[in-house]
Each structure stands twice: as C-alpha cells, then as structure tokens.
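The chain contents come next:
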Amino acid sequence: MISVFIECKDQEKALAVTLAALVHGAVEGLVAEVVILDRGSRDGTALLADSAGCRFLDDPDLRDVVRSARADWLLLIEPGARPLLGWTDHIGQHVAAGRQAARFSASREYRLPFMARMRRRVSALEHGVLLPKAQAIANARSGQSLESLGRGLAMTRLRCEIVPAAVLALP
C-alpha cells in the first residue's frame, strides 16, 4: 500500500482532478491514505479534502508528517496531475519488488506544446515521485516542501503514464 502526499495552496479545482484520479487506487486497495499538506489556502481546499476522506494538515512540518504515514511507500504528486489507466498495477508491482524510488512516464498524448515545455522550469513532482518511507524519512527536513523532498533523487521510470498539472492549466 502507498500513502499519497499532495501539497497545495488555493488549488481546489486542481486538487479535485487529482483526487478523482486516485479513487481507483483506493478502490483497488493500493492507496492507504491521501494526505493534503495545505500551505494557507483560502478557497474550499479543506472542505474538498474532508469530503474526499483525506487527512488535511494545515501548514505541517514535513518531517513529522512523513514519519506518521501509514504505508511503507509514499507517492508525492502535485495537485492537478492525474495518473492514467494501469497506474495501480505498475505501482503495485514496483512496491512489491521493493525497488528504488521511481516516477511516472510523461503522457505521450497529453502534453504541452514543444516550445511551452522548453520555456518553463520543471517541477520535481511533475511526473510524481514514488519512494520508500525509510528514504523519505532520511531525506525529510523540518520546513521543507514536497518539491524539495522529491528533487535530486535517483529514480527509475515506471511504464505507466501521468498527465502533469501544467497540461490542465486550471485557474
């Protein structure tokens, strides 16, 4: 099983898209919990998280949150991203094999135009980050963001695809 971590601020619509995509994982028994790390939202993010059965934490310390995760593997994902069909099987196999950290493959069908991809800074969480809890605990620091926790890790690429949040461009 995995614990999913999503960090957001005033991203209610984008969060709804991601949570809808994660429902299949919960139904299949892969997703043990979804943890929303809120950084001062003033929209309906808290209400959405509560309605979806997520653990909602207002401006938490990342180090403490990682330690309290229910599952032995963590999926760090940005609000608005959505894994495509088959993601539960691929992650389940990867976790069962006990391999190193991994990320999704970029969607071949849903992506930004070439020049838009070249001009922007890529988020460390754009393609999700799946990592063992032990590794996350070792790397987590107080005051750190999910973005910085996911940056600079040696990772393999999963065969399942994800649509990055930037493709949806929700206001």
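None of these values were measured; they are calculated from a predicted model.

1. Things to note about the overall build of the protein
Link 1 in the chain: When you go through the protein residue by residue, the secondary structure sums to eight helices and eight strands.
Link 2 in the chain: Compactness check: the protein gives a C-alpha radius of gyration of 15 Å against a globular reference of 16 Å for 171 residues, within 12% of the reference.
Link 3 in the chain: In terms of principal-axis extent, the alpha carbons of the protein reach across some 40 × 40 × 30 Å.
Link 4 in the chain: For the protein, buried positions account for 47% of its 171 residues.
Link 5 in the chain: Within the protein, residue pairs in contact and separated by at least 24 positions form 80% of the contacts whose partners lie at least 6 positions apart.
Link 6 in the chain: About 8,600 Å² of surface is accessible on the protein, with carbon and sulfur atoms providing 51% of the total.

2. Some words on the pairing of strand β1 (residues 2-8)
Link 1 in the chain: Across the seven residues that make up β1, a large majority, seven, are buried.
Link 2 in the chain: The alternating pattern of β1 places I2, V4, I6 and C8 and S3, F5 and E7 on opposite faces, both of which are buried.
Link 3 in the chain: Bridge analysis of β1 against strand β2 (residues 31-38) gives seven bridges, and the strand direction is parallel. Bridge pairing in β2 links E7 to L37.
Link 4 in the chain: With four bridges joining them, β1 and strand β4 (residues 73-76) adopt parallel strand pairing. Bridged to F5 within β4 is L76.

3. Things to note about the pattern of salt bridges
Link 1 in the chain: Under the counting rule described, the total for this entry stands at six salt bridges.
Link 2 in the chain: Residue D10 pairs with R42 through a salt bridge whose shortest N-O separation is 3.8 Å. In this pair, D10 is assigned in the loop between β1 and α1 (12-27) and R42 in the loop between β2 and α2 (45-51), connecting sequence segments 32 residues apart.
Link 3 in the chain: Classification of R42 by relative accessible area gives exposed; the value is 70%.
Link 4 in the chain: Between R39 and D59 there is a salt bridge whose closest N-O contact spans 3.1 Å. Here the residue R39 occupies a position in the loop between β2 and α2, and D59 occupies one in the loop between β3 (55-58) and α3 (62-67), the gap between them amounting to 20 residues.
Link 5 in the chain: Overlapping salt bridges bring together E7, R39 and D59 as one network.

4. A closer look at the nonpolar core
The nonpolar side chains of a soluble globular protein tend to be buried with one another.
Link 1 in the chain: Of all hydrophobic cores here, the largest spans 26 residues; its most connected members are I2, V4, I6, V34, W87 and I91.
Link 2 in the chain: Going through the elements one at a time, β1, α1, β2, β4, α4 (87-97), β6 (102-106) and β8 (156-163) are the ones with two or more residues in this core.
Link 3 in the chain: The dominant element in this core, judged by the number of residues it contributes, is β1, at four residues.
Link 4 in the chain: In this structure I2 touches L30, V31, A32, E33, A71, W73, L75, W87, I91, V95 and L130, once residues within four positions along its chain are discounted.
Link 5 in the chain: In terms of nonpolar packing, the next biggest core, distinct from the first, is built from 18 residues, V65, L74, L76 and A101 among them.

5. Let's talk about unusual backbone geometry
Link 1 in the chain: Despite not being glycine, D10 shows a phi value in the positive range, around 55°.
Link 2 in the chain: When its relative accessible area of 31% is taken as the criterion, D10 is described as partly exposed.
Link 3 in the chain: Phi at D59 takes a positive value of approximately 50°, unusual for a residue other than glycine.

6. Notes on the pairing of strand β7 (residues 129-132)
Consecutive side chains along a regular strand alternate between the two faces of the sheet.
Link 1 in the chain: Burial along β7 is two-sided: the residues V129 and L131 and L130 and P132 are all buried.
Link 2 in the chain: Relative to β7, β4 runs antiparallel, the two sharing four bridges. The partner of W73 across the bridge, within β7, is P132.

7. Regarding the confidence of the model for the protein
Link 1 in the chain: Of the residues in the protein, 92% have a pLDDT of 70 or more, and the chain-wide mean is 91.
Link 2 in the chain: Across the protein, the element-wise mean pLDDT spans from 66 in helix α5 (residues 114-119) up to 98 in β4.

What counts, and at which threshold
Residues numbered from 1 in each chain as written. Predicted model: local features only at pLDDT ≥ 70, side-chain atom pairs only at ≥ 80, totals over all residues. Heavy atoms only, no water. Helix = DSSP H or I, 4+ residues; strand = E, 2+ residues; numbered from the N terminus. Rg over C-alpha atoms; globule rule 2.2 N^0.38 Å. Buried < 20%, exposed > 50% of the residue type's maximum accessible area, 1.4 Å probe, protein only. Contact = heavy atoms within 4.5 Å. Areas by Shrake-Rupley, 256 points an atom, 1.4 Å probe, with all protein chains shown as cover. Pairing = 2+ DSSP bridges. Salt bridge = Lys/Arg side-chain N within 4 Å of Asp/Glu carboxyl O. Core = buried A, V, L, I, M, F, W, Y, C linked by side-chain atoms within 4.5 Å. pLDDT = per-residue confidence, 0-100.

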